[in-house]
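Here are the chains, one letter per residue:
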Amino acid sequence: MKTKIKFINHACFQIIRENSSILVDPWFNGKVFNNSWSLLQETNLDDIDLSNLTHIFISHEHPDHLNWSTLKQIKERTKQKIHVYMPRRRNHNVKENMKKLGYLFVEVDPYQIYKIKKYDFSFCFLKRNYDSAILFDVDEKIILNKNDCEFPIEQLQQFKQGLFKNREIDILFNQFSLAGYYGNQEETQKLEEAKENHIEDLLTTHKILKPKLTVPFASFITFSRDENKYLNEYIVSLKKLIDQNSSLSMFVPWYMEDISFECSRE
């Protein structure tokens, strides 16, 4: 069986192998950030194969990435041991809560490459402020989950010259739209600039890191409180993203869709 990558929802994808699978940042239902974010479409756990789930990776603590309700649902449906990996933290509250749910929790240092010998893959967290990207080296494929980690151009160039000097990135997952507070409703210019900055970040990252395939994701949400619904007017349209960048090797996934390593669909 060849390694498969399946887009699940928002910032979550699954790396599926013959005898194991990895979930990244699962958030499948419910609202987050004090009910101010909703998924565009919720995920039914019945649609996900959890039978060989061995690892969950959490990039950072924001509730659209570290979602306790979803983690509880997953554990209630699985009997096997599941390791959860996160960057090292200053306190133990996440570790204690993971233990209560029945997970085997492992904290690791950022910018260190770790090898999971039993399952024959490597990973590394690339921390930036409160966020982290995750690098996976699985079955001779390099998968970079940048999600909403905003690296300056100089650091991306350092990655290309150092971390990825002798390896090509096969798939780059990158946020493409708004994911936070960018200004008040009347600050239209500021909000338009934030929208364009997300598009520019995706393009710049692709140009510098030169992945075989960029997958725009981590933005499949709607702003759902009366106080922040105005932000929905500034969400980046995937159609616009594709139309403006027809030469970019990009795959826009649909829910529960496999992403082929050989694919370069626009």
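See the structure above.
Predicted model only: the values in this text are computed from it and were never measured.

Judged by nonpolar contacts, the single largest core of 38 residues is most densely connected at Ile5, Phe13, Phe57, Phe123, Phe136, Phe173 and Ile259. Where this core is concerned, the elements lending two or more residues are β1 (4-9), β2 (12-16), β3 (21-24), β9 (121-128), β10 (131-138), β12 (171-175), α4 (188-209) and β13 (213-217). Among residues more than four places away in sequence, those in contact with Ile259 are Ile5, Phe7, Ile171, Phe173, Leu213, Val215, Phe251 and Pro253.

Moving on to the packing of aromatic side chains. Applying the stated criterion across every chain, the model contains 20 aromatic pairs. Considering the side-chain rings of Phe13 and Phe217, the 6.2 Å spacing of their centres and the 55° angle between planes classify their relative orientation as tilted. In this pair, Phe13 sits in strand β2 while Phe217 sits in strand β13, placing the two residues 204 residues apart along the sequence. Here the two residues Phe13 and Phe217 agree in accessibility, since each one is buried. Ring pairing ties together the aromatic residues Phe57, Tyr85, Tyr114, Phe121, Phe123, Phe125 and Phe136, which thus form one cluster. Seen from the ring of Phe261, Lys141 lies directly overhead, with NZ or CZ sitting 5.1 Å from the centre.

Turning our attention to the packing of helix α1 (residues 68-76) against helix α2 (residues 93-101). In contact at an axis separation of 10 Å, α1 and α2 are set at 30° when each is read in the N-to-C sense. In this view, α1 runs roughly parallel relative to α2, as classed from their interaxial angle. Like other packed secondary-structure pairs, α1 and α2 cross with a definite hand, here right-handed. Across from Trp68, Leu71, Lys72 and Lys75 in α1, the residues of α2 making contact are Val94, Asn97, Met98 and Leu101. Here the contact of α1 with α2 is composed, by residue class, of five nonpolar, one polar and two charged.

Okay, the environment of Ser59 next. Relative to the helices and strands, Ser59 is located in the loop between β5 (53-57) and α1. Taking the C-alpha atoms as reference points, Ser59 and Ile242, 183 residues apart in sequence, are found 27 Å from one another. Among the polar contacts listed, one links the side chain of Ser59 to the side chain of His65, at a separation of 3.4 Å.

As a further point, take the pairing of β2. For β2, a buried count of five out of five residues is recorded, marking the element as mostly surrounded by other parts of the structure. Neither face of β2 is exposed, since Cys12, Gln14 and Ile16 on one face and Phe13 and Ile15 on the opposite face are all buried. Summarising the sheet, β1 and β2 pair through five bridges and their orientation is antiparallel. Along β2, the bridge assignment pairs Asn9 with Cys12. Linkage of β1 to β2, two consecutive antiparallel strands, is achieved through a turn of two residues, within which His10 is found at a positive phi near 50°. The antiparallel hairpin formed by β2 and β3 contains four residues in its connecting segment.

Strand pairing in a sheet is mediated by backbone hydrogen bonds. Such pairs are either parallel or antiparallel. Here seven strands make up an open sheet; going across it, the order is β7-β6-β5-β3-β2-β1-β15 and the pairing mixed. At either margin of the open sheet sits one strand with a lone partner, and together these are β7 (104-108) and β15 (257-259). The mean angle between the axes of side-by-side strands here comes to 25°, regardless of whether they run parallel or antiparallel.

Pairing within the open sheet is mixed, and its six strands lie in the order β8-β9-β10-β11-β12-β13. Pairing within the sheet leaves two strands with one partner each, and these edge strands are β8 (114-116) and β13. When the angles between neighbouring strand axes are averaged without regard to direction, this sheet yields 20°. Summarising the sheet, β8 and β9 pair through three bridges and their orientation is antiparallel. Looking across to β9, one finds that Ile116 is bridged to Phe121. Sheet strands in contact with α4 are β11 (141-147), β12 and β13, and its direction is about 160° off that of β12.

Turning to its location among the elements, Asp46 is positioned in the loop between β4 (37-39) and β5. Its relative accessible area of 56% is what places Asp46 among the exposed residues. The spacing of Asp46 and Leu66 is 20 residues in sequence and 20 Å in space, taken between C-alpha atoms. For Asp46, the side chain forms a polar contact with the side chain of Arg77, separated by 2.5 Å.

How each quantity is defined
- Residues numbered from 1 in each chain as written.
- Predicted model: local features only at pLDDT ≥ 70, side-chain atom pairs only at ≥ 80, totals over all residues.
- Heavy atoms only, no water.
- Core = buried A, V, L, I, M, F, W, Y, C linked by side-chain atoms within 4.5 Å.
- Buried < 20%, exposed > 50% of the residue type's maximum accessible area, 1.4 Å probe, protein only.
- Helix = DSSP H or I, 4+ residues; strand = E, 2+ residues; numbered from the N terminus.
- Contact = heavy atoms within 4.5 Å.
- Phe/Tyr/Trp six-rings, centres within 6.5 Å; stacked < 30°, edge-to-face > 60°.
- Lys NZ or Arg CZ within 6 Å of the ring centre and 35° of its normal.
- Axes fitted to C-alpha atoms, helices over the stretch in contact; angles between N-to-C directions.
- Parallel < 35°, antiparallel > 145°, perpendicular 65-115°, else oblique.
- Left-handed = near helix turned anticlockwise from the far one by under 90°.
- Nonpolar A, V, L, I, M, F, W, Y, C, P; charged D, E, K, R; others polar.
- Polar contact = N/O pair within 3.5 Å; in protein donor to acceptor, adjacent residues only side chain to side chain.
- Pairing = 2+ DSSP bridges.

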